[in-house]
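Report on the structure
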Amino acid sequence: MIAVELRKLVLSRRTWVTILLIDALPTLVGILLAVTDIGPRPGTGPAFLSAVLTDGTLFPLAALGIVLPLFLPIAVAVTAGEAIAGEAQQGTLRYLLVRPVGRTRLLVAKLVSVMVFVVLTVLVVAATAYVLGALLLGSESVSTGATSVSGTGLSTQEMVLRTLLALAYAMLCMLGVAAIALFLSTVVRAPLSAALGTMGVLVASTLLLTLDAAHVLQPYLPTRYWLAFVDLFRDPILWRDVERGVLLQAAYVVVFLGAAWANFMTKDVTD
Amino acid sequence: MIRTAGLTKHFGRITAVEDVGLDVREGDIYGFLGANGSGKTTTVRMLLGLVLATSGTIELLGRPMPASGRDVLPLVGAMVEGPASYPQLSGRTNLALLDASGPGGDRATRAGRIDDALGQVGLDGVDKRPVRAYSLGMRQRLGLAAALLRRPRLLVLDEPTNGLDPQGIREIRQLLVDLNRDGTTVFLSSHLLAEIEQMCTRVGVLDRGRLVLQDQLEHLQRPTGRTVIRTPDVGAARALLDGHVEQEEGETIWVRADDPLALNAALVGADVRVLELAPERRTLEDVVLEAAEQSGDRR
Ligand SMILES: Nc1ncnc2c1ncn2[C@@H]1O[C@H](COP(=O)(O)OP(=O)(O)OP(=O)(O)O)[C@@H](O)[C@H]1O
Ligand SMILES: [Mg+2]
């Protein structure tokens, strides 16, 4: 079933259009930086962006920093929101279930397919940014290794390791989003409602983070530690927020996947 | 093949299906009749494990549903409330994806089975166009092809001829009869009495969620003991058969008579010209309406 879901993902034109759209923004930013040579002042703008004018190899990280907080979660909300509700609306859900595809199996396959979509997007974004960075942006510190956010030098090997850690962390955050969207997808009838509901949760979370009165809630909001991946590029690594983020996202994943499963197992499929 | 006992489904305060005891036997073409909203689709969904029954038991091919769905459903082909497919993909790709998603769809034979199924439903000429570009009838045929893909022992079809042209309805009816002859049990729901009357061997009638009738079609269509005669000489016929004529309408008269052969001989002997003469049988329509009326009275 997982293989079938992946084929559907790859065969769908929407998948590729979405990835292209997501890829467009960092590409545009990269081109603007290269043409105007005006970078954001250090410490402002998305992470790493101030550094890429001197070191183009950092641009993949900067590009991910651009898409991770907003574009990618939206794409995940839409894709995962579609998972069950989309099949139901199309009428294909009933034919899958009588094929028969077990309900648990279907949920797992859908979740895997969403995460593969995320990986695919990240790869495309990173690859485009790498090419763009190497061709258009500065190439000064290629030989001396990259600079950490704290200003000290990092070896290439160290940099690769930390990048992988950061990517894993970002995946976990997206898994949290996917879990919420998947749950809503088993509840509502229209895929759009599931996507909008998930985005609503994320927007509300982001908003409450800026509100002092919501202080007691803040450690539990889903987006609270999303940007903690930047801490992985400090020297030494600042683990505190990353650890909390991992625990929090794991809790969201468990709770919402559990709810999605419980709801879907007992649901009457009448679409 | 299908057996239910006390099958009941409530949707909130609506009772969609109540205390239904279906009995579909191997080799039947079972016609499941009922007015709009009488609960046919809900029953079919429960049989297939899509909707969970409020109470009652279901046996499919001798195994309990939905508990044994994983073992039973690969042997069942189904179409529920119209076909469905991924519109951006071709019919062939749709069938291949569906076949690959569950158990019992051997990969080595897949392409051949898809060709066969498409041929059976008259879609063999279908090209690589996406299903989005199919006509209503073509989609219906594709849905049937999906149901036939694994040569099921039992076909459960909810309104299978919806959207087909008269020619298409004939083809599908013939296909189902052929499949049945080769050993497939067919369970089909419909509100088209004529369709059921033409091919089914057994009939169940649902009225407002209750099964008000279930019997062999030939039992239901038993002769009424009357003979229908069409003749231009109504007056002469009436004079001859005085006292036995029960009803008269234009050139048609209904006569209470045990032996239509003797009746015909008598009429011809008396120089009454006979256009048509046949024993009257109860039509399915009469039977169904009567059953529904009786159940209405009981409430
Ligand atoms: N998901 C649902 N929620 C609430 N009520 C429902 C639901 N599905 C069906 N019903 C109700 O159950 C009853 C039976 O519906 P069902 O679809 O089984 O009828 P049907 O016999 O298939 O009708 P038709 O000939 O129009 O297809 C109807 O009164 C309908 O309103
Ligand atoms: Mg129906």
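A short tour of the structure in this document, coming up. (Residues numbered from 1 in each chain as written. Chains lettered and ligands numbered in written order. Predicted model: local features only at pLDDT ≥ 70, side-chain atom pairs only at ≥ 80, totals over all residues. Heavy atoms only, no water.)

**A few points about the overall build of chain B**
Counting its regular elements, chain B contains 11 helices and 15 strands. Principal-axis analysis of the C-alpha atoms gives chain B an extent of 75 × 45 × 30 Å. Looking at chain B as a whole, 49% of its 299 residues are labelled buried. In chain B, the share of contacts with a sequence separation of at least 24, taken over all contacts with a separation of at least 6, comes to 67%. (Helix = DSSP H or I, 4+ residues; strand = E, 2+ residues; numbered from the N terminus. Buried < 20%, exposed > 50% of the residue type's maximum accessible area, 1.4 Å probe, protein only. Contact = heavy atoms within 4.5 Å.)

**Remarks on the packing of helix 3 (residues 91-101) of chain B against helix 5 (residues 136-148) of chain B**
Residue and element names in this part refer to chain B. Contact geometry for helix 3 and helix 5: axes closest at 10 Å, N-to-C directions at 30°. On the basis of the axis angle, helix 3 is roughly parallel to helix 5. The crossing of helix 3 and helix 5 is right-handed. Across the interface between the two elements, Gly 91, Leu 95 and Leu 98 of helix 3 pack against Leu 142, Ala 145 and Ala 146 of helix 5. Looking at the contact of helix 3 with helix 5 residue by residue, the classes come out as 5 nonpolar, 1 polar and no charged. (Axes fitted to C-alpha atoms, helices over the stretch in contact; angles between N-to-C directions. Parallel < 35°, antiparallel > 145°, perpendicular 65-115°, else oblique. Left-handed = near helix turned anticlockwise from the far one by under 90°. Nonpolar A, V, L, I, M, F, W, Y, C, P; charged D, E, K, R; others polar.)

**Let's talk about the packing of aromatic side chains**
Aromatic ring pairs are reported here in terms of the distance separating the ring centres and the angle at which the planes meet. Residues and elements named next belong to chain B. Inspection of every chain in the model, using the stated rule, returns 5 aromatic pairs over all chains. Between Phe 32 and Phe 187 the ring centres are 5.2 Å apart and the planes differ by 40°, which places this aromatic pair in the tilted class. Of this pair, Phe 32 sits in strand 4 (residues 29-34) while Phe 187 is found in strand 9 (residues 185-190), placing the two residues 155 residues apart along the sequence. Under the relative-accessibility criterion, Phe 32 is labelled buried at 0%. (Phe/Tyr/Trp six-rings, centres within 6.5 Å; stacked < 30°, edge-to-face > 60°.)

**Some details on the interface of chain B and chain A**
The interface is formed by 34 residues belonging to chain B together with 26 residues belonging to chain A. In this assembly, chain B packs against chain A so that about 2,500 Å² is buried in total across both faces, 58% of it on carbon and sulfur atoms. Seen at the junction of chain B and chain A, the total is 2 salt bridges. Between Asp 268 of chain A and Lys 9 of chain B there is a salt bridge, with the nearest N and O atoms lying 2.6 Å from each other. On the surface where chain B and chain A come into contact, there are 18 residue pairs in polar contact (both at pLDDT 80 or more). When residues of the side of chain B that touches chain A are traced back to their parent elements, those giving at least two are strand 1 (2-11), helix 2 (69-72), strand 7 (76-79) and helix 3 of chain B. Of all the elements, helix 3 of chain B adds the most residues to the side of chain B that touches chain A, at 6 residues. Looking at side-chain class alone, the side of chain B that touches chain A contains 19 nonpolar, 9 polar and 6 charged residues. (Buried area = accessible area lost by both parts, 1.4 Å probe. Salt bridge = Lys/Arg side-chain N within 4 Å of Asp/Glu carboxyl O. Polar contact = N/O pair within 3.5 Å; in protein donor to acceptor, adjacent residues only side chain to side chain.)

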